[in-house]
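Observations on the three-dimensional arrangement
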Amino acid sequence: MSHIDSYDHEFLGYLGYLPIYHPLEAFGQGIPWGDYDFGAGPGNLVLGGGSGEHPGLVVHRLECLAARFIYEQLSEEELASLEKGERELLSGLAFEDSARLFEFCDWRVSQYHALYEMAVKSAYTTLNEDQEVEEWLALSLGEFIYFSLPDLNPEHDKLLSIASRFRIDPLMENVRITPPGYPLDRGRRREADEVRWGVSRWQD
């Protein structure tokens, strides 16, 4: 059993070999820090389940990733057409320091290398020569958040108001979802004092 399996969470899909989880329990009642593990709550995504699985990568400030995905597609002319406040909101979110967005919890050099190799070779949209892995992560997850997880983005309405004036297309398509009907053993939720396994956002 992995660290995340001790707490309620839903399974969202995979980014390459890394499962993507959304914790369902709030801070204080949610996933605490432990040895070789991580702390996270409903405002986070988690890639990897912690001890017993792959070390966790906790994703913070989901609105910043969605904003980065939108910003990437806008031309200079389109950005200039925004009102000053809109432009400042978008750029302020989009250029948040990646060290505040991605928390690599007890990762080892071999795991960083495997993530790099996945981004370079195994993804649908691979890492560009002039791109950092963190940027690739931000765009892959930002696209997923923008299109599929608007309820987890506290700035979704403001960002949608900006993005709806322009053509915003999928750029990455690197998140893989388990199709309905497939057996599912990831994700859990307590129901009537019992734990139900196989909890996915996309399946009942």
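First, a word on scope: everything that follows refers to the structure included in this document. (Residues numbered from 1 in each chain as written. Predicted model: local features only at pLDDT ≥ 70, side-chain atom pairs only at ≥ 80, totals over all residues. Heavy atoms only, no water.)

1. Some details on the overall build of the protein
Note the threshold: Only DSSP runs of H or I with at least four residues qualify as helices, and only runs of E with at least two residues qualify as strands; both kinds are numbered from the N terminus onward. Our radius of gyration looks at C-alpha atoms and nothing else; its globule reference is 2.2 Å times the residue count to the power 0.38.
In terms of helices and strands, the protein carries six helices and eight strands. The linear arrangement of helices and strands in the protein, starting from the amino end, is β-β-β-β-α-α-α-β-α-α-α-β-β-β. For a compact globule of 204 residues, the expected C-alpha radius of gyration is about 17 Å, and the protein comes in at 17 Å, within 12% of that figure. For the protein, the C-alpha atoms occupy an extent of roughly 55 × 40 × 35 Å along the three principal directions.

2. Quick notes on the nonpolar core
For clarity, the threshold we go by: Here, nonpolar core means buried Ala, Val, Leu, Ile, Met, Phe, Trp, Tyr and Cys residues that are tied together by side-chain atoms lying within 4.5 Å of each other. Exposure categories follow from relative accessible area, calculated using a 1.4 Å probe and restricted to protein chains: below 20% of the type maximum is buried, above 50% is exposed, and the middle band is partly exposed. The contact criterion used is simple: two residues touch if any of their non-hydrogen atoms lie within 4.5 Å.
Ranked by internal contacts, the top residues of the largest apolar core, which has 46 residues, are Leu45, Ile70, Leu90, Phe102 and Trp136. Of the residues forming this core, the biggest block, nine residues, is contributed by helix H5 (residues 133-148). If we skip the residues at most four places from it in the chain, isoleucine 70 touches Leu90, Tyr146, Leu159, Ala163 and Ile168. One finds Ile4, Tyr21, Phe38 and Val46 within the second-largest nonpolar core, a separate group that totals eleven residues.

3. Structural notes on the pairing of strand S1 (residues 9-15)
Rule in force here: Any two strands between which DSSP finds at least two bridges are classified as paired.
Most of S1 sits inside the fold, with seven of its seven residues counted as buried. Bridge count between S1 and strand S2 (residues 18-23): six bridges; the pairing is antiparallel. Residue pairing for S2: tyrosine 14 is matched across the bridge by proline 19. Turn length for the S1-S2 hairpin, with the two strands adjacent in sequence and antiparallel, is two residues, and the turn residue glycine 16 shows positive phi of about 65°. Pairing analysis gives two bridges linking S1 to strand S6 (residues 175-176), with the strands arranged antiparallel. For leucine 15, the partnering residue across the bridge sits in S6 and is valine 175.

4. Remarks on helix H4 (residues 109-122)
Selection criterion: Expected helix span is taken as 1.5 Å per residue step, with the number of steps being one fewer than the number of residues. This arc is taken over the directions from the axis of the helix to the C-beta atoms.
Over its 14 residues, H4 runs 19 Å from end to end, which matches the ideal 20 Å to within 8%, given 1.5 Å per residue. Residues of H4 that are buried include every one of Gln111, Leu115, Met118 and Ala119, and no others. Looking straight down H4, one finds that the buried residues subtend no more than 95° of arc, so they occupy a single side. Exposed and facing more than 90 degrees away from the buried side of H4 are Val109, Ser110 and Lys121. Of the surrounding elements, those touching the buried residues of H4 are S1, S2, strand S5 (102-104) and H5.

5. What about the state of the cysteines?
Put simply, the rule reads: Criterion for a disulfide: a pair of cysteine sulfur atoms at a distance within 2.5 Å.
As enumerated under the stated definition, the model contains zero disulfides in all. The cysteine cysteine 64 is free of any disulfide, with cysteine 105 supplying the nearest cysteine sulfur at 18 Å. The exposure class assigned to cysteine 105 is buried, which follows from its relative accessible area of 3%.

6. Looking at the packing of helix H3 (residues 84-94) against helix H6 (residues 156-163)
Note the cut-off: Between the N-to-C directions of two axes lies an angle of 0 to 180 degrees, each axis being a line fitted to C-alpha atoms and, for a helix, fitted only over the stretch in contact. Crossing chirality is assigned from the near helix's rotation relative to the far helix, an anticlockwise turn below a right angle marking it left-handed and a clockwise turn marking it right-handed. Put simply, Ala, Val, Leu, Ile, Met, Phe, Trp, Tyr, Cys and Pro go in the nonpolar bin, Asp, Glu, Lys and Arg in the charged bin, and everything else, Gly too, in the polar bin.
Between H3 and H6, the shortest axis-to-axis distance is 11 Å and the interhelical angle comes to 115°. When you trace H3 past H6, the crossing you get is left-handed. Contacts between H3 and H6 involve Glu86, Leu89, Leu90 and Leu93 on the former and, on the latter, Lys158, Leu159 and Ile162. Of the residues in the contact of H3 with H6, the class split is five nonpolar, no polar and two charged.

7. Things to note about H6
Listed in full, the buried residues belonging to H6 are His156, Leu159, Ile162 and Ala163. Within H6, the buried residues cover an arc of 130° as seen down the axis, which keeps them to one side. Elements that come into contact with the buried residues of H6 comprise helix H1 (62-73), H3 and H5.

8. Regarding the side chain of glutamate 25
Applicable threshold: In protein, a polar contact requires one atom able to donate a hydrogen and another able to accept it; more generally it is a pair of N or O atoms within 3.5 Å, and residues adjacent in sequence count only if both atoms are side-chain atoms.
If you trace the backbone, glutamate 25 turns up in the loop between S2 and strand S3 (45-47). A distance of 2.6 Å separates the side chain of glutamate 25 from the backbone nitrogen of aspartate 8, its partner in a polar contact. Within polar-contact distance, the side chain of glutamate 25 engages the side chain of arginine 190 at 3.1 Å.

9. Topic: the environment of serine 161
By secondary structure assignment, the location of serine 161 is in helix H6. Judged by relative accessible area, serine 161 falls into the partly exposed class, the value being 39%. In the structure, serine 161 is positioned 75 residues away from glutamate 86 in sequence and 9.4 Å away in space, judged by C-alpha atoms.

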